[in-house]
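Residues per chain, in single letters:
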Amino acid sequence: CMAKPPPNAAPPPPQAAKGAFIGAPDAAPVAVEWWRLYGDDALNDHVARALAANRDLRVALATLDAARANARLAGANRTPDVMLESGASPATRAANQPSTSAVPTSGYELGLTAAWEIDLFGRLRNQSSAASADAEAAAAARDGVRLAVVADTVAAYLDLCWAGELAGIAANQIEQQRRQVETVSHQLRVGEVSPLELAQSRQLLGRLEAGLPIFAADAQRARYLLANLQGLPPADAGRFQCRRPPAIAGSLPVGDGPGLLARRPDIREAERRLAAAGARVKVATAEMYPRVSLGASGGLIAGALDAFITPLISWSFINPARIKARIALAKANQEGALAQYDATWLRALREVESALADLDAERRANQSLTAAVTDARSAARRAQARVTIGDAGPLLALDARRTAFDTELQAGLSARRLAQRHVFLHRSIGGGWQ
């Protein structure tokens, strides 16, 4: 999907786009099918089905087909128009042949006409260039839709996987706390604890149980999104399952600035829109000059061969204000396209650098939370041991257990955010297309 250089020189990329990104873990070329880095066959199947059936992508493909047809039409305008004409009409016999005067006769005509505009000032050529640039912009827009469809599909699948993973963490915590409530209830019956300890244990159990439906809703929402992306009704979403969240092994290649400018569909689309706007300025300027056409006609007319060639000149110099207004309008559109191009690559750079910063921050936070989980579990075990030997009250163990549960859940949520950060980074670097 690499775009051709625009006919009008595009502005140079920013200095920040001429090298590696700040904080990039790996500046190697971006994987073409980056979703395969997860090594999950189910994910690959989801992406393939989404690309084959997504409605938004079908709309983009129809738009591209229309733009390409318009480009072919603009190119055909540079070739001669040829028309074949024929006719038949009754004819009268000569007066000196009375014996045949009552017999009906016919006369036939067959002619061929051609017209060709000589493109002296580039009007037709630039019209064709503008239409071709529009078609390339439509192709880039299609790639943008494909990029969004893939990123949304991967994100939805990861959300489904992590919803199940977090639900498993919550269910395990609920089971542990339910056993603890039973233990405290027994202790209350034998007089070892007060109703306060039982109430606090039940309160922790209720809070853990309240989080479980949220994860179930997250999983169902992810299934509905997967079904929608693949053109399926919500009733078919129940068959989508995920056993374990996939992860990308190794470093994540993100490419460099020049590769981003050539790879991001929105940058290529803005570049092609700018090229089309520049070509239309030339089309409007060519209207200031006369159009020269050649016409030719020949054929069998009235029983004899006839042919001629004639030039035709048309020139709208009588109303120059209209032509100047068209030129001004085309130049204004070109300035707008230039501003859009500048804004697009600046936004692209900001998104990539922000995605890298968010990914790095979440990775470090996840590492800290993973270490904290180990410490929190150890603290909970030690606190329970102290309570068992009578060295501390039951509330110490309850508080340590609450902290361990919360740390485990926060580590899981951080891992889910880290997976989402990976998807957003791939989306921002325009991964997936060459």
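Only a predicted model underlies this, so the values are computations on that prediction, with no experimental measurement involved.

## Comments concerning the layout of surface pockets
Point 1. Quantified by volume, the second largest pocket comes out at close to 290 Å³.
Point 2. Together, Gln176, Arg179, Gln180, Arg377, Ala380, Arg381, Gln384, Ala397, Arg401, Ala404, Phe405 and Glu408 line the second largest pocket.
Point 3. Of all the secondary-structure elements, those providing two or more residues to the lining of the second largest pocket are helix H3 (123-189), helix H7 (320-388) and helix H8 (394-428).
Point 4. Among the elements that take part in the lining of the second largest pocket, H8 stands out by supplying five residues, more than any other.
Point 5. When the residues that make up the lining of the second largest pocket are grouped by side-chain class, the tally is four nonpolar, three polar and five charged.

## Observations regarding helix H6 (residues 265-286)
Point 1. Taking 1.5 Å of rise per residue, the 22 residues of H6 would be expected to cover 32 Å, and the 32 Å separating its terminal C-alpha atoms lies within 8% of that figure.
Point 2. Among the 22 residues of H6, 16 are classified as buried, and the element is accordingly described as predominantly covered.

## Description of the packing of aromatic side chains
Point 1. The full count for this structure, using the stated rule, is one aromatic pair.
Point 2. Taking the centre distance of 6.2 Å and the plane angle of 75° together, the rings of Trp34 and Trp35 count as edge-to-face. Each of the two residues, Trp34 as well as Trp35, counts as buried.

## Quick notes on the pattern of salt bridges
Point 1. Applying the stated criterion across every chain yields a total of 23 salt bridges.
Point 2. Here Glu136 ties to Arg272 by a salt bridge, and the two come within 2.4 Å at their closest N and O atoms. You can see Glu136 sitting in helix H3 and its partner Arg272 sitting in helix H6, a full 136 residues away along the chain.
Point 3. Assessed through its relative accessible area of 24%, Glu136 is described here as partly exposed.
Point 4. Classification of Arg272 as buried rests on a relative accessible area of 3%.

## A short note on helix H4 (residues 195-229)
Point 1. Taking 1.5 Å per residue, 35 residues should reach 51 Å; H4 reaches 52 Å between its end C-alpha atoms and fits that length.
Point 2. Just beyond H4, the residue with positive phi is Gly231, at close to 70°.

## Focus: the environment of Arg72
Point 1. Turning to its location among the elements, Arg72 is positioned in helix H2 (residues 55-76).
Point 2. Along the chain, Arg72 and Ser128 lie 56 residues apart, while their C-alpha atoms are 8.0 Å from each other.

## Remarks on the environment of Val47
Point 1. Structurally, Val47 can be placed in helix H1 (residues 41-53).
Point 2. For Val47, the contacting residues outside a window of four places in its chain are Trp35, Val150, Thr153 and Val154.

## Quick look at the environment of Asp375
Point 1. By secondary structure assignment, the location of Asp375 is in helix H7.
Point 2. Owing to a relative accessible area of 54%, Asp375 belongs among the exposed residues under this scheme.

## Brief notes about the confidence of the model for the chain
Point 1. In the predicted model, the chain carries a mean pLDDT of 81, and 75% of its residues have values of at least 70.
Point 2. When mean pLDDT is compared element by element in the chain, H4 scores highest at 93, while strand S1 (residues 81-91) scores lowest at 56.
Point 3. In the model, residues 1-7 has pLDDT below 50 throughout and makes 18 contacts with residues more than four positions away in sequence or in other chains.

## Considering the nonpolar core
Point 1. Counting 47 residues, the largest nonpolar core has Trp34, Tyr38, Val154, Leu160, Val423 and Leu425 as its most contacted members.
Point 2. Looking at this core, the elements that each hand over two or more residues are H1, H3, H4, helix H5 (257-263), H6, H7 and H8.
Point 3. Among the nonpolar cores identified, the runner-up in size contains 10 residues, and Ile174, Val184, Val193 and Leu204 belong to it.

## So, the packing of H1 against H3
Any two packed helices are characterised by how steeply their axes cross, that is the angle between the axes, and by the distance between the axes.
Point 1. Following both chains from N to C, one finds H1 and H3 inclined at 145°, their axes separated by 9 Å at the closest point. Seen along the crossing, H1 lies across H3 with a hand that is right-handed. Between H1 and H3, the residues in contact are Ala42, Leu43, His46, Val47, Ala50 and Leu51 and Arg146, Val149, Val150, Thr153, Val154 and Tyr157, respectively.
Point 2. Looking at the contact of H1 with H3 residue by residue, the classes come out as nine nonpolar, two polar and one charged.

## Observations concerning the packing of H6 against H7
Point 1. Between H6 and H7, the shortest axis-to-axis distance is 8 Å and the interhelical angle comes to 165°. Considering their axes alone, H6 and H7 lie roughly antiparallel with respect to each other. In this structure, H6 crosses over H7, and the sense of that crossing is left-handed.
Point 2. Here the residues of the contact of H6 with H7 sort into 14 nonpolar, six polar and seven charged.

Basis of the calculations
Residues numbered from 1 in each chain as written. Predicted model: local features only at pLDDT ≥ 70, side-chain atom pairs only at ≥ 80, totals over all residues. Heavy atoms only, no water. 1 Å grid on protein atoms, 1.4 Å probe; cavity = no way out; pocket = protein on both sides within 12 Å on 5 of 7 lines; lining within 4 Å. Points joined across faces, edges and corners; volume = space filled by probe spheres on them. Helix = DSSP H or I, 4+ residues; strand = E, 2+ residues; numbered from the N terminus. Nonpolar A, V, L, I, M, F, W, Y, C, P; charged D, E, K, R; others polar. Expected span 1.5 Å × (residues − 1). Buried < 20%, exposed > 50% of the residue type's maximum accessible area, 1.4 Å probe, protein only. Phe/Tyr/Trp six-rings, centres within 6.5 Å; stacked < 30°, edge-to-face > 60°. Salt bridge = Lys/Arg side-chain N within 4 Å of Asp/Glu carboxyl O. Contact = heavy atoms within 4.5 Å. pLDDT = per-residue confidence, 0-100. Core = buried A, V, L, I, M, F, W, Y, C linked by side-chain atoms within 4.5 Å. Axes fitted to C-alpha atoms, helices over the stretch in contact; angles between N-to-C directions. Left-handed = near helix turned anticlockwise from the far one by under 90°. Parallel < 35°, antiparallel > 145°, perpendicular 65-115°, else oblique.

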